[in-house]
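Structure assessment
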Amino acid sequence: MQSQKKYKRIVIKIGSSLFCGKNKIDPLRSFEAISQISALVSLEKKEIVIVSSGAIALGMNLLKLDFRPKELPLLQAAAAIGQNALMDSYSKNFAKYKIRCAQVLLTWDDFDDRQRYLNAKNTLSTLMKLGVVPVINENDTISTEEIKFGDNDRLSAQVASLINADLLIILSDVDGLLDKDKNVVSEVIEITPQIRSLACSTNKKTCVGGMVTKIEAAKIAVDSGIPCVIARGSKSKIIHSIINDPRNSGTLFLPKKGLKEKERWIAFGSKAKGKILVDDGAKKALIDKRSLLAVGVVSCEGNFSTGDIVCICDNKNIEFARGKSAISAKELDRAKGSRFSREIIHRDNIVILGDAPQG
């Protein structure tokens, strides 16, 4: 584990709970976090990116809604109204420390398209070089699928992977991952089924996600070579505490050997457009860093095109890899099981997932 002095580039996810007081919404509750971040930027020259929830919660408060809307247009309206209030709060509070912040709204498409992915990376890198703090949120006013199924925990991990961060901090209303005796798990070496079983979903009116999505986010981070800490955001000086002693400030998820940038995009940045099922021989070959050939393909699903990212599953239908297909689904359906002349997926475009079952 690197020392805190080496945590130069940090992504901090601020959950809705930091804006939610008892029975009310109060953006000023995030002021202490902004104070800590400002000191890190101004005094220690850290590069900080914030991934902030709270837009829908703030919008619900301004619209006097007691429950998260189920109607998509109303949910999008709440997001649009709340995003304005959210950025107004960040801008005013950062201005007290003579620091500028910048609004960056992202959708899945910005990660899915390789060129847009690189453009987003360049924009964020430029903002950080200028000493500006990017404040990122999912563009909930147009991203219908993310509103319905998504969360900012995963987005924060994807952003950390995108900019090759040194640390991901997820601030929420929990002290960290709790064991069965309700004690904080201080360190997680590997995200096993036992670790996942400790998670439970949230039932809060203003939020989506919960510990399940935080563990999924931690998985993306550690597989990208980035340590991740989940901690209670309302604790005094919590950000400084995490940077100085991550093991005793929440739950620290230890990183693995990081994937290369292109591998991170294949594994996490792009949505899979289909699925390829392979036999045991093909699975072993892929794990041994060989290309996928048609002879090892059992079947395929989806309407993917040449160049699309696809899931690669074994004969138990368990995903163990992802790759960039060199042919379309229609072509593969005709070529599967044969001695096709071309590689289906070249080994340089295949990523074996970190928790893939071996053998």
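1. Examining the pattern of salt bridges
Counted under the stated rule, the structure contains 18 salt bridges. For Lys13, the salt bridge goes to Asp153, with nearest N and O atoms at 3.0 Å. Of the two residues, Lys13 sits in strand 1 (residues 9-14) while Asp153 sits in helix 7 (residues 152-162), which places them 140 residues apart along the sequence. Per residue, the accessibility class of Lys13 equals that of Asp153, and both read buried. Glu319 is paired through a salt bridge with Arg322; the nearest N and O atoms lie 2.6 Å apart. The class of Arg322 is buried, set by a relative accessible area of 17%. Via salt bridges that share partners, Lys13, Asp153 and Lys214 belong to a single interconnected network.

2. Regarding helix 12 (residues 280-287)
For helix 12, every residue scored as buried is listed here: Ala282, Lys283, Ala285 and Leu286. Along helix 12, the residues classed as buried sweep out an arc of 165° about the axis, all on the same side. When the buried face of helix 12 is taken as reference, the exposed residues oriented beyond 90 degrees from it are Gly281 and Lys284. In the core, the buried residues of helix 12 are packed alongside strand 11 (275-278), strand 13 (309-313), strand 14 (319-324) and strand 15 (350-352). The residue sitting at the N-terminus of helix 12 and contributing the capping side-chain oxygen is Asp279; that oxygen lies 3.2 Å from the backbone nitrogen of Gly281. Just beyond helix 12, the residue with positive phi is Lys289, at close to 70°.

3. A few points about the nonpolar core
Grouped together as the largest cluster of nonpolar side chains are 49 residues, with contacts concentrated most on Val11, Ile136, Val159, Leu168 and Phe253. It is helix 9 (residues 211-223) that provides the largest number of residues to this core, a total of 7 residues. With near-sequence residues (within four places) excluded, Phe253 lies in contact with Val188, Ile191, Ile215, Ala218, Val222, Pro227, Cys228 and Ile230. Core analysis: the next-biggest nonpolar cluster, separate from the first, contains 33 residues, Ile10, Met87, Val229 and Leu252 among them.

4. Section: the environment of Ile266
Positionally, Ile266 belongs in helix 11 (residues 261-269). A relative accessible area of 1% means that Ile266 is categorised as buried. For Ile266 and Ala321, which are 55 residues apart along the polypeptide, the C-alpha to C-alpha distance reads 9.7 Å. Apart from the residues within four sequence positions on either side, Ile266 is in contact with Ile309, Arg322, Gly323, Asn349 and Val351.

5. Considering the pairing of strand 11
A regular strand carries its side chains on alternate faces of the sheet. Summarising the sheet, strand 11 and strand 12 (residues 297-301) pair through 4 bridges and their orientation is antiparallel. For Lys275, the partnering residue across the bridge sits in strand 12 and is Glu301. Relative to strand 13, strand 11 runs parallel, the two sharing 3 bridges. Bridging across to strand 13, Leu277 finds its partner in Cys313.

6. Concerning the sheet that holds strand 7 (residues 167-172)
To summarise the sheet geometry, strands pair through backbone hydrogen bonds and adopt either a parallel or an antiparallel arrangement. Taken together, 8 strands build an open sheet; the order of strands is 5-6-4-1-7-9-10-8 and the sheet is mixed. What marks the edges here is a single partner per strand, and that holds for strand 5 (101-106) and strand 8 (187-188).

7. Regarding helix 5 (residues 114-129)
The first and last C-alpha atoms of helix 5 sit 23 Å apart over 16 residues, in line with the 22 Å expected at 1.5 Å per residue. Looking only at helix 5, the buried set comprises Tyr117, Ala120, Lys121, Leu124, Ser125, Leu127 and Met128. The buried side chains of helix 5 occupy one side of the element, clustering within an arc of 160° when seen end-on. Between the side-chain oxygen of the N-cap and the backbone nitrogen of Gln115 there are 3.1 Å, and the N-cap of helix 5 in question is Asp113. Looking one or two places after helix 5, you find Gly131, whose phi comes out positive at around 80°.

8. Section: the packing of helix 1 (residues 31-42) against helix 3 (residues 72-95)
Think of two packed helices as two axes; the pair is described by the angle between the axes and how far apart they sit. Two elements in contact, helix 1 and helix 3, have axes separated by 10 Å at closest approach and are oriented at 50°. Here helix 1 lies oblique to helix 3, going by the angle between them. In this structure, helix 1 crosses over helix 3, and the sense of that crossing is right-handed. When helix 1 is examined against helix 3, the residues Phe31, Ile34, Ile37 and Ser38 are found in contact with a partner set consisting of Tyr90, Asn93 and Phe94. Within the contact of helix 1 with helix 3, the residues separate by chemical class into 5 nonpolar, 2 polar and no charged.

9. A look at the packing of aromatic side chains
Taken as a whole and judged by the stated rule, the model has 2 aromatic pairs. A centroid spacing of 6.4 Å and a plane angle of 20° characterise the contact between Tyr90 and Phe94, whose relative ring orientation is stacked. With a gap of 4 residues between them, Tyr90 and Phe94 both fall in helix 3, about one helical turn apart. Neither Tyr90 nor Phe94 differs from the other in exposure class; each is buried. Stacked on the ring of Phe320, the Lys or Arg Lys283 has its end atom at 5.3 Å from the ring centre.

About the cut-offs
Throughout, residues of each chain are indexed from 1 in the direction in which the sequence is written. Local features in this predicted model are restricted to residues of pLDDT 70 or higher, and side-chain atom pairs are both shown and tallied only at a pLDDT of 80 or more, whereas totals for entire chains, interfaces and linings draw on every residue. The side-chain values count all of the structure's non-hydrogen atoms but skip hydrogen atoms and water molecules. Any carboxyl oxygen of Asp or Glu that lies within 4 Å of a side-chain nitrogen of Lys or Arg is treated as forming a salt bridge with it. Strands are runs of DSSP state E lasting at least two residues, helices are runs of H or I lasting at least four, and both sets are numbered from the N terminus onward. For each residue, the accessible area found with a 1.4 Å probe, counting protein chains only, is set against the maximum for its type, and the residue is called buried under 20%, exposed over 50%, and partly exposed in between. Note that the arc is defined by the directions from the helix axis to the C-beta atoms. Contacts were defined at the residue level, with two residues in contact if any of their heavy atoms lie within 4.5 Å. Throughout this description, a polar contact denotes any pair of N or O atoms lying within 3.5 Å of each other; where both atoms belong to protein, one of them has to be capable of donating a hydrogen while the other can accept it, and for residues adjacent in sequence the pair is counted only when both atoms sit in side chains. Grouping buried Ala, Val, Leu, Ile, Met, Phe, Trp, Tyr and Cys residues that are joined through side-chain atoms within 4.5 Å yields what is termed a nonpolar core. Following DSSP output, two strands are said to pair if at least two bridges run between them. One less than the number of residues in a helix, times 1.5 Å, gives the span that helix is expected to have. To define axes, lines are fitted to C-alpha atoms, for helices over the stretch in contact only, and angles between the resulting N-to-C directions are given on a 0 to 180 degree scale. Geometric relationships in this document are graded by angle, where less than 35 degrees denotes roughly parallel, more than 145 denotes roughly antiparallel, 65 to 115 denotes roughly perpendicular, and other angles denote oblique. In this scheme, a crossing is called left-handed if the near helix is turned counterclockwise away from the far one by less than a right angle; it is called right-handed if the turn is clockwise. Ten residue types, Ala, Val, Leu, Ile, Met, Phe, Trp, Tyr, Cys and Pro, are classed as nonpolar, four, Asp, Glu, Lys and Arg, as charged, and the remainder, Gly among them, as polar. Between the rings of Phe, Tyr and Trp (Trp by its six-membered ring), a pair exists once the centres lie within 6.5 Å; its type follows the angle of the planes, with under 30 degrees stacked, over 60 edge-to-face, and the other angles tilted. A positively charged side chain is recorded as over a ring if its NZ (Lys) or CZ (Arg) lies within 6 Å of the ring centre. The angle to the ring normal must also be within 35 degrees.

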